[in-house]
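Analysis of the macromolecular model
Read off the chains here:
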Amino acid sequence: MNNSDRPIRKFNPGTFQSDEEVIEQFAVRKHELDTVLGVLRRNIGSPSCQHVLVVAPRGRGKTMLLARVSAELNADEELFRCFLPVRFMEESHEIFDLADFWLETLFYLARESVRYDSALAQKLREAHADLADHWDEDALADRARNTVLDAADGLGKKLVLMVENLQALCEDVDDDFGWQLRGALESEPRIVLLATATSRFEGLENAAEPFFELFRIVDLEPLSTEDCCRLWEVVSGDVVTEREIRPLEILTGGNPRLLIMVAEFAQHRSLRQLMEELVTLIDEHTEYFRGYLEALPRSERRVYLALIDFWRPSSTSEIAARARMGVRPVSTMLGRLVSRGAVVVEGTGRKRLYAAGEPLYSIYYKLRRERDEATGMRRLIHFMMAFYGIGKLYQMSGRLSLEAAESKVIREGIERALAEQPDVEDSFLRVAGSAVEYISDKATANAPFTTELRLKEEIQTALDEKEFERVIEIGDHFIASGGVDASLMPESLLAYILHMRAIAYEKLENFQGVVAVCDEMVERFDDASDHTLQARMARVLIHGARARYELGEFGLAVSAYEEVIERFGTSDAPDFQFPVALALLKKGDLQVQQREFGLAVSVYEEVIARFGASDASGIQVLVAWALSQKGDLQVQLRELDLAMSAYEEVIERFGTSDVPAIRVLIAWALSQKGMIQIKVERMKEAMLISEELEGRLGALADDEKVVFVWRARYVQALALLLRNRLRMAMDVFQSAYAVFLPDNETMMYEMLQLVPDLIANGASEPDLVDILLSRGKSDALEPLIVALRQRSGEVVRAPVEVIEVARDINKRIEFFRNA
């Protein structure tokens with residue numbers, strides 16, 4: 001949470017908040033605050049005050065800035081002595097002429113005066129009521145104005161009138177309101193107007209209009225990357241890097257209100273989870289987006305919807321065609337939308353292009369109008385996670401490394417081992433139905449055992465068919481119906497049901513449910529001495545630890561893994577070796593996340609030393625995994641010799657294994673060895689390792705094989721580049737692209753490393769674009785292709801989010817070229 005432990009206001013900041021709270025939560029716009037306060041300080045002794053207009057689309061922080069100025073006027077001794085802030089409500093619906101303006105000023109002045117002089121405040125309230133009763137008097141404006149100025153004299157302060165949405169106010173008032181207000185402001189040194197507007201409306205730029213050159217204009221630009229980091233920390237309490245926040249800066253357009261929405265949604269989520277669930281976030285805020293659309297006048301809404309449906313900067317004629325309206329009325333509506341701050345304009349004259357002021361509106365509309373558009377959005381998010389490196393694979397997150405983490409073979413092997421029945425020597429080769437053999441003889445002679453057998457078969461069938469809600473229902477119904485005699489294995493059967501329930505909840509991503517099952521398991525069987533019950537508990541505790549991690553309860557996750565190690569770590573029984581080894585590994589992974597690298601290496605070495613001699617294939621997988629994790633960590637620590645030794649040990653120990661998961665880890669070790677040779681500039685050795693890797697790929701399943709075909713060719717292309725063999729490197733790149741899987745995060749990450757390398761070594765951008773467009777995968781690589789086309793001199797129109805990512809890609813390419 002933020003430092004004040006109170007939520008940051010997305011709307012109406014300052015309302016029912018203390019000055020201290022506003023000051024504490026004001027995280028950005030410090031420069032603009034200094035600018036406004038500087039103007040006010042110069043007004044202190046001036047016979048003619050400078051007035052200020054803060055201009056920005058909605059959500060950029062105008063109201064928050066006014067609240068912060070108000071708080072500073074109360075907190076700073078000199079400013080407090082000279083000024084009284086008078087804040088109007090955000091929409092001044094009751095102002096239609098100058099008399100209304102001064103009456104509203106009097107109303108809010110009475111409210112603000114309470115803290116300084118309650119008697120004066122009461123007097124002002126009575127004056128306001130009396131004046132409002134004489135609404136039809138010709139001198140009403142003068143009387144109200146004089147009452148306000150008398151109060152200012154009585155207080156001995158200048159009044160800073162804080163009026164929001166000045167452009168909207170001016171649309172609804174009498175024609176001569178602007179000139180009357182200007183006259184009052186220019187002649188009266190006791191009044192300072194601090195106003196906001198959603199755009200630089202026409203009256204500001206036209207010398208024939210009353211507000212021409214009246215204001216010092218302060219523009220609120222989109223938040224910088226640094227400011228986004230700062231605001232994120234205040235709202236969420238999490239410190240993030242500029243590279244991590246950049247995707248959210250792009251998707252929110254640097255809009256503080258939208259960024260706060262995202263940060264609040266991010267509670268108990270990693271940045272990776274947040275990016276993956278961003279479509280859900282937009283869907284959950286439907287009312288916010290819909291409410292704005294419905295507030296637009298009908299004709300403006302029609303034009304606005306046509307514009308955001310393009311999801312890229314568009315010309316007036318394009319928007320008119322999409323809206324099925326004439327160009328002239330569309331041009332008029334666009335002007336109004338620009339003045340509202342809903343639309344931004346690029347270029348001048350006939351080259352003008354229009355885009356949504358808030359990028360998420362286009363995304364929202366596309367998702368609501370065409371649900372398939374979520375696919376395009378997810379592609380962009382997937383690309384951004386790889387490019388900006390916020391995925392779990394590139395942050396030393398301590399999870400199983402790269403391809404291994406995504407390996408279906410390894411993942412399913414571990415899950416299968418955790419679901420196994422107790423008394424299984426080799427948990428990767430024996431299936432969960434082994435208990436059927438244990439009770440089969442008794443089942444024929446005893447009806448309760450037959451009932452138990454059927455229950456387990458039914459649950460196993462539901463698991464196999466991925467009907468996880470059904471797994472929970474079967475167990476709950478069985479317990480509720482009293483389906484087995486309590487005298488016959490009741491604890492063992494209940495433990496089985498709880499175990500399967502934990503698996504089902506985990507599959508459903510109901511992690512609170514997993515934790516509840518884990519707690520129930522401990523409560524029921526904590527003191528049990530039965531081997532079977534304890535073996536089940538070890539597995540359920542592993543599920544509970546993983547659930548704690550997914551819930552963001554990092555410390556509890558570590559404690560849960562340590563509990564498994566402490567409870568069962570001294571046992572030599574095969575039933576306990578797998579969960580203990582897995583708990584040690586996961587503890588090491590969490591230590592990596594805590595940057596306790598020395599402790600993590602020690603834990604991985606403990607796994608290798610304690611379980612390295614085991615013949616059980618499941619344990620062997622974990623030992624190979626520990627060696628891989630150790631090597632990956634040492635690569636990150638730039639201990640390349642030690643990392644090379646770890647990978648070589650994987651190959652030496654397990655090179656002849658026929659266990660599918662171990663074959664994947666051997667392929668990973670070889671690919672990492674190749675990358676280390678690239679790092680130490682041993683190109684010939686890298687090529688030889690790449691050839692060895694390709695020679696081993698026949699032993700892998702097809703979905704595993706393609707990943708390492710890419711990896712081998714990636715290493716080959718890099719080696720050829722560094723040997724100045726560009727043409728051969730381009731040929732290998734083309735063959736690598738043939739197996740490129742856009743949904744594979746590692747491949748995407750390495751693609752975004754390889755292409756800048758190719759360009760830095762002389763590859764032609766048009767040639768690269770031709771390759772990337774050749775195999776129907778270009779949609780997933782749109783930002784990269786846009787960047788390459790821009791480098792070729794093309795003017796590319798694309799969604800603003802894509803253009804921003806392309807800009808960052810080009811920065812990376814220039815960095816590679818200069819390096």
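Predicted model, so just to flag it, every value in this text is computed and none were measured.

Description of the overall build of the chain
In terms of regular secondary structure, the chain is built from 42 helices and 7 strands. Sorting the 819 residues of the chain into buried and exposed places 57% on the buried side. Contacts spanning at least 24 positions in sequence make up 68% of the contacts within the chain whose residues lie at least 6 apart. A total of about 35,600 Å² of accessible surface is found on the chain, and carbon and sulfur atoms cover 46% of it.

As for empty space enclosed by the protein
Inspection of every chain in the model, using the stated rule, returns 5 cavities of 30 Å³ or more. Leu307, Ile308, Trp311, Arg312, Pro313, Ala355, Ala356, Pro359, Ser362, Pro799, Val800 and Glu801 together form the lining of the largest cavity. Of all the secondary-structure elements, those providing two or more residues to the lining of the largest cavity are helix 17 (298–310), strand 7 (353–356), helix 20 (359–369) and helix 42 (800–818). In the lining of the largest cavity, the residues fall into 9 nonpolar, 1 polar and 2 charged.

Considerations on the nonpolar core
With 195 residues, the main nonpolar core has Tyr304, Met751, Leu781 and Leu784 as its most contacted residues. Counting residues per element, this core draws most heavily on helix 37 (residues 702–722), which supplies 13 residues. If we ignore the near neighbours within four places in the chain, the residues touching Leu781 are Phe383, Tyr737, Phe740, Met748, Met751 and Leu772. Val55, Leu106, Leu140 and Leu193 belong to the second largest nonpolar core, which has 45 residues in total.

A look at helix 2 (residues 30–43)
One turn of the α-helix equals 3.6 residues, which is why residues spaced by three or four share an orientation. If you check helix 2, its first and last C-alpha atoms are 20 Å apart, about what 14 residues at 1.5 Å a residue would give, namely 20 Å. Of all the positions in helix 2, only Glu32, Leu33, Thr35, Val36, Leu37, Gly38, Val39, Leu40 and Asn43 are classed as buried.

Some details on the layout of surface pockets
Quantified by volume, the second largest pocket comes out at close to 1,200 Å³. The wall of the second largest pocket is formed by 45 residues, among which Thr198, Ser199, Arg200, Val338 and Val343 lie closest to the centre. Listing elements by their share of the lining of the second largest pocket, those giving two or more residues are helix 8 (166–172), helix 9 (177–187), helix 10 (202–205), helix 12 (242–252), helix 19 (327–340), strand 6 (343–346), strand 7 and helix 42. Counting residues per element, the lining of the second largest pocket draws most heavily on strand 6, which supplies 4 residues. Residues belonging to the lining of the second largest pocket are distributed by class as follows: 21 nonpolar, 11 polar and 13 charged.

Quick look at the sheet that holds strand 4 (residues 191–197)
Reading across the sheet, the 5 strands line up as 2-3-4-1-5 and stay open at both edges, with parallel pairing between neighbours. With one partner strand each, in any of the chains shown, strand 2 (83–87) and strand 5 (215–219) form the two edges of the open sheet. Recorded for the sheet is a direction-independent mean angle of 20 degrees between the axes of neighbouring strands. Sheet topology places strand 2 next to strand 3 (residues 158–163); 5 bridges connect them, and they run parallel. The residue of strand 3 that forms the bridge with Phe83 is Lys158. Its contacts with the sheet place helix 5 (residues 98–113) against strand 2, strand 3 and strand 4, and it is angled at close to 115 degrees to strand 2.

Here's the deal with the side chain of Ser614
If you trace the backbone, Ser614 turns up in the loop between helix 32 (597–611) and helix 33 (617–636). Among the residues examined, Ser614 registers a relative accessible area of 16% and is labelled buried. Here the side chain of Ser614 touches Ala616 through a polar contact of 3.2 Å, landing on its backbone nitrogen.

Quick word on helix 11 (residues 225–236)
Between its first and last C-alpha, helix 11 extends 16 Å over 12 residues, near the 16 Å set by a 1.5 Å rise per residue. With 9 of 12 residues buried, helix 11 is to be regarded as a mostly interior element.

Points about the packing of aromatic side chains
Summed over all chains, the structure comprises 15 aromatic pairs. Considering the side-chain rings of Phe733 and Tyr737, the 6.4 Å spacing of their centres and the 20 degrees angle between planes classify their relative orientation as stacked. Taken together, the residues Phe733 and Tyr737, both in helix 38 (residues 726–738) and 4 residues apart, mark about one turn of the helix. With a relative accessible area of 0%, Tyr737 lands in the buried category. Every member of this aromatic cluster is reached through a ring pair, and the members are Phe88, Phe101, Trp102, Phe107, Tyr108 and Phe177. The aromatic ring of Tyr116 is capped on one face by Lys157, whose charged end is 5.5 Å from the ring centroid.

Rules behind the numbers
- Residues numbered from 1 in each chain as written.
- Predicted model: local features only at pLDDT ≥ 70, side-chain atom pairs only at ≥ 80, totals over all residues.
- Heavy atoms only, no water.
- Helix = DSSP H or I, 4+ residues; strand = E, 2+ residues; numbered from the N terminus.
- Buried < 20%, exposed > 50% of the residue type's maximum accessible area, 1.4 Å probe, protein only.
- Contact = heavy atoms within 4.5 Å.
- Areas by Shrake-Rupley, 256 points an atom, 1.4 Å probe, with all protein chains shown as cover.
- 1 Å grid on protein atoms, 1.4 Å probe; cavity = no way out; pocket = protein on both sides within 12 Å on 5 of 7 lines; lining within 4 Å.
- Points joined across faces, edges and corners; volume = space filled by probe spheres on them.
- Nonpolar A, V, L, I, M, F, W, Y, C, P; charged D, E, K, R; others polar.
- Core = buried A, V, L, I, M, F, W, Y, C linked by side-chain atoms within 4.5 Å.
- Expected span 1.5 Å × (residues − 1).
- Pairing = 2+ DSSP bridges.
- Axes fitted to C-alpha atoms, helices over the stretch in contact; angles between N-to-C directions.
- Polar contact = N/O pair within 3.5 Å; in protein donor to acceptor, adjacent residues only side chain to side chain.
- Phe/Tyr/Trp six-rings, centres within 6.5 Å; stacked < 30°, edge-to-face > 60°.
- Lys NZ or Arg CZ within 6 Å of the ring centre and 35° of its normal.

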